[in-house]
Amino acid sequence: MLEQSIAKAKILVADDVEAYRELLKDLLEEAGFEVVCAVDGAQALEVMRKEPIDLALLDVMMPRRTGFSVCRTIKSDPKTCLTPVVLVTGLDNLDDRIQGIECGADDFLSKPTNKQELLARTRSLLKLKKFTDELENAATVLTSLALSVEAKDPYTEGHCARLSKYSVALAKKLARPKEEQEALRIGGILHDIGKVAVPEQILLKPGPLTPQERKIMEEHPVKGEYICSPLKSIKLVLPIIRHHHEKLDGSGYPDGLKGDQIPLTARILTTVDVYDALSTDRPYRKALSTKDAFALIREEVKRGWWEGHLIDEFEKILMRKDNRSVSGRESASRIEGVAI
Ligand SMILES: [Fe+2]
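The structure presented is a predicted model; accordingly, all values stated were derived computationally and were not measured. (Residues numbered from 1 in each chain as written. Predicted model: local features only at pLDDT ≥ 70, side-chain atom pairs only at ≥ 80, totals over all residues. Heavy atoms only, no water.)

Help me out: how do you make sense of unusual backbone geometry in this one?
Note: most residues except glycine have negative phi, and most peptide bonds are trans. Look at the link from K111 to P112: it is a cis peptide, with omega at -5°. Within the fold, P112 resides in the loop between strand 5 (107-111) and helix 6 (115-152). Between Y253 and P254 the backbone carries a cis peptide bond, its omega angle lying at 10°. Positive phi values are uncommon outside glycine, yet A175 reaches one of about 55°. (Helix = DSSP H or I, 4+ residues; strand = E, 2+ residues; numbered from the N terminus.)

Rendered as structure tokens:
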């Protein structure tokens, strides 16, 4: 099954030497792969932008951008960063290999190329790519599930997308590592996925919840963590999902964690979540202006619920473009312009 699926793979061969390019093309086509050729680095990138490529074989020395430069661009673009790149370099050229590793290359092939080695490396990388694609598909299913939960409630429209963007912006402002920023980007989307297990009559109830209903509602962080836990690639997102309703004084749920016991990524998301809830319309009240929302949040900081420093930094992000007092919907659209 797997062999069949990788046999249909589309491979980019980029080399300015026609004879070598044709040789690789013939060998790969003979093995059943589809091959697209590029005569230099710039054309290789053009192909990568236009077509879904499963593997790129790049000569190191090419006109109009070297293989290193093309590899670096492929690996820095979120749309292509998971595509395996093989650099074709002179036999035993250690400097090229070190530079290639620094550019993110997945493997190397020597010139002249041995047919068996070419096909073995190609198949092995394509198998890895196939597994990565399957993981990506699983993540897409989870995202769709999270968005379908959000879609049940007309009052929370766009909430996940805003949380994702705002949280990344705040993490960036706090100079948090890239992996935490990425966890928050995904966490913003997935944080309430556990609400899929909450009955609609509770989820959409306009009035106050009974103690029994509240108990069911408050299970959603644990259920969300359980739903996402099989996906190893989002391990850093799990604490965000589980702890996004904790409060600094320990009065939150599900674990009643206090202060620094709550992971910082969860505290960042909570900061944004609290603001978003106040600055958008709810069945029981209209959206508060940014000024009123922050005034209320600061009262809650005094009660020991939220972290004043995080609230201040988040307010600075919202106020970066101007200091007008605006409603939640306006500021939500304004954040779209924040470079994140
Ligand atoms: Fe939640």
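It is not clear to me how the sheet that holds strand 4 (residues 85-90) should be interpreted in this structure. Could you clarify?
Pairing between the strands of a sheet comes from backbone hydrogen bonds, and it takes one of two forms, parallel or antiparallel. Overall, parallel pairing links the 5 strands, which are arranged 2-1-3-4-5 in an open sheet. Edge positions in the sheet fall to strand 2 (34-38) and strand 5, since each has one partner strand and no second. Taken pair by pair, the neighbouring strands of this sheet meet at an average axis angle of 20°, ignoring direction. With 5 bridges joining them, strand 1 (residues 10-14) and strand 2 adopt parallel strand pairing. From the neighbouring strand, K10 faces strand 2, where its bridge partner is E34. Strand contacts of helix 6: strand 1, strand 3 (55-59), strand 4 and strand 5, with the helix running at about 165° to strand 5, the strand carrying the most contacts. (Pairing = 2+ DSSP bridges. Axes fitted to C-alpha atoms, helices over the stretch in contact; angles between N-to-C directions. Contact = heavy atoms within 4.5 Å.)

Sorry if this is basic, but what is going on with the coordination of the iron ion here?
Note on metal sites: the ideal angle is 109.5 degrees for four tetrahedral donors, and 90 or 180 degrees for six octahedral donors. Here the iron ion is held by D192 (OD), H220 (NE2), H244 (NE2) and H245 (NE2), and the distances to it run 2.1 to 2.3 Å. One way to put it: the 4 donor atoms around the iron ion meet at angles of 86 to 177°, and that makes the site irregular. (Donors = N, O, S within 2.8 Å, 3.2 Å for Na, K, Ca; no water. Tetrahedral: all angles 85-135°; square planar, octahedral: opposite > 155°, others 65-115°.)

What exactly am I supposed to notice about the nonpolar core here?
Buried together is how nonpolar side chains tend to be arranged in soluble globular proteins. Ranked by size, the top nonpolar core spans 35 residues in total, and within it L190, C228, Y275, I297 and F314 carry the most contacts. Sequence-distant contacts of I297, defined by excluding residues within four places in its chain, comprise V274, Y275, L278, W306 and I311. If you look at the next biggest cluster of nonpolar residues, it comprises 22 residues, including M48, L58, V60 and I74. (Core = buried A, V, L, I, M, F, W, Y, C linked by side-chain atoms within 4.5 Å. Buried < 20%, exposed > 50% of the residue type's maximum accessible area, 1.4 Å probe, protein only.)

Hey, could you run me through the side chain of D15 in this one?
Among the secondary structure elements, D15 is positioned in the loop between strand 1 and helix 2 (18-30). Residue class for D15 comes out buried when judged on its relative accessible area of 1%. For D15, the side chain forms a polar contact with the side chain of K111, separated by 3.3 Å. (Polar contact = N/O pair within 3.5 Å; in protein donor to acceptor, adjacent residues only side chain to side chain.)

I keep staring at the pattern of salt bridges and nothing clicks. Help me out?
Should the charged atoms of two oppositely charged side chains come close, the side chains can pair. Counted according to the given criterion, the structure contains 29 salt bridges. Among the salt bridges present, the one from E51 reaches K10, with a minimum N-O distance of 2.9 Å. Here E51, found in the loop between helix 3 (41-50) and strand 3, pairs with K10, found in strand 1; they are 41 residues apart in sequence, far enough to count as distant. We classify K10 as buried; its relative accessible area is 16%. Salt bridges sharing partners connect three or more residues here, namely K10, E34 and E51. (Salt bridge = Lys/Arg side-chain N within 4 Å of Asp/Glu carboxyl O.)

Whenever I open this one, the state of the cysteines confuses me. Can you help?
Between two cysteines, a covalent bond joining their sulfur atoms is known as a disulfide. Tallied over the entire structure, the rule returns 0 disulfides. Free cysteine C71: the closest other cysteine sulfur is in C103, separated by 5.6 Å. Looking at C81, it has no disulfide partner, and the nearest cysteine sulfur is the one in C71, 12 Å off. (Disulfide = S-S within 2.5 Å.)

Just to check I follow, could you spell out the confidence of the model for the protein chain for this structure?
Low-pLDDT stretches of the model should not have their predicted coordinates read in fine detail. Per-residue confidence for the protein chain averages 86 on the pLDDT scale, and 91% of its residues sit at or above 70. Here helix 16 (residues 328-335) is the element of the protein chain with the lowest mean pLDDT, 38, and helix 12 (residues 238-243) is the one with the highest, 97. Note on residues 322-340: pLDDT is under 50 here. Beyond four places in sequence and across chains, it has 39 contacts. (pLDDT = per-residue confidence, 0-100.)

Help me understand the packing of aromatic side chains, please; the structure alone is not making it clear to me.
Between two aromatic rings, the relevant description is the distance of the centres plus the angle of the planes. Under the criterion given, the structure shown has 6 aromatic pairs. When the centroid spacing of 5.5 Å and the interplanar angle of 45° are considered together, the rings of Y166 and F314 count as tilted. Residue Y166 is found in helix 7 (residues 159-173), and its partner F314 is found in helix 15 (residues 308-318); the two are separated by 148 residues along the sequence. The burial state of Y166 is the same as that of F314; both residues are buried. Here the aromatic rings of Y275 and F294 are separated by 5.1 Å at their centres, their planes lie at 25°, and the arrangement is stacked. Residue Y275 is found in helix 13 (residues 264-278), and its partner F294 is found in helix 14 (residues 290-302); the two are separated by 19 residues along the sequence. (Phe/Tyr/Trp six-rings, centres within 6.5 Å; stacked < 30°, edge-to-face > 60°.)

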